[in-house]
Amino acid sequence: MLDAIDRKIIDYLQADGRMSNQDLSEKIGLSASPCLRRVRQLESNGIIARYVALVDPDKMGLSVTAFVRVRLDQQDDRHLQEFEAAVAGFAEVMDCYLMTGEADYQLRILVRSLTQFEDFLRRRLTRVKGVANVTTSFALRPVIYKTAVPTLEPL
């Protein structure tokens, strides 16, 4: 179970993963050695899974965000696994969720243009074995975009 100090460490590192241990220890009010031990423990427990750089998609020329709902013709384990393996290999797929409701999957796709999206849809996604139906919505702009996981206290 995480205590208040662990949650503070996570909050600070989610805001700045390059923060030095010295700066982190000062911000949370703990000396450097115990702070580093806690960070290492959070890493070894898999709570901190990795450190990444967040890149602005627009500055990379990826200005089109599409949310694609996919329905498969069969929902048994083999067909689900085949679909998941196929989309895992598509660089344009940023997120893929197995869903309840009318769609089996929801994907978030990043591309440069509508033409590139059409190419992705027609030549790749709809050619994945078992895809029965695809519905797309395009994002106009992000309203809320978070990468930090909430560190709420337990009830």
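Below is a short write-up of the structure. Note that this is a predicted model, so its numbers are computed, not measured. The residue numbering used here restarts from 1 in each chain and proceeds along that chain's sequence as written. Local features in this predicted model are restricted to residues whose pLDDT is 70 or higher, and side-chain atom pairs enter the listing and the counts only when it is 80 or higher, whereas totals over whole chains, interfaces and linings include all residues. Values reported for side chains reflect all heavy atoms of the structure, with hydrogen atoms and water molecules removed beforehand.

Focus on the environment of Phe 138
Moving on, step 1. Helix numbering and strand numbering both begin at the N terminus, where a helix is a DSSP run of H or I of at least 4 residues and a strand a DSSP run of E of at least 2. Inspection of the secondary structure assignment puts Phe 138 in strand S4 (residues 131-138).
Moving on, step 2. Along the chain, Phe 138 and Phe 67 lie 71 residues apart, while their C-alpha atoms are 6.2 Å from each other.
Moving on, step 3. In what follows, a contact means two residues having at least one pair of non-hydrogen atoms within 4.5 Å. Ignoring sequence-local partners within four residues, the contact set of Phe 138 consists of Val 64, Thr 65, Ala 66, Leu 114 and Phe 117.

Focus: the pattern of salt bridges
Moving on, step 1. Any carboxyl oxygen of Asp or Glu within 4 Å of a side-chain nitrogen of Lys or Arg constitutes a salt bridge here. Following the criterion strictly, the structure yields 10 salt bridges and no others.
Moving on, step 2. Lys 59 is paired through a salt bridge with Asp 56; the nearest N and O atoms lie 3.7 Å apart.
Moving on, step 3. For the exposure calls, accessible area comes from a 1.4 Å probe over protein chains only, and a residue counts as buried if that area is under 20% of its type's maximum, exposed if over 50%, partly exposed in between. Assessed through its relative accessible area of 72%, Lys 59 is described here as exposed.
Moving on, step 4. What makes Asp 56 partly exposed here is its relative accessible area of 35%.
Moving on, step 5. For Asp 119, the salt bridge goes to Arg 123, with nearest N and O atoms at 2.8 Å. Linking Asp 119 with Arg 123, this pair stays in helix H5 (residues 114-123), spanning four residues, or about one helical turn.

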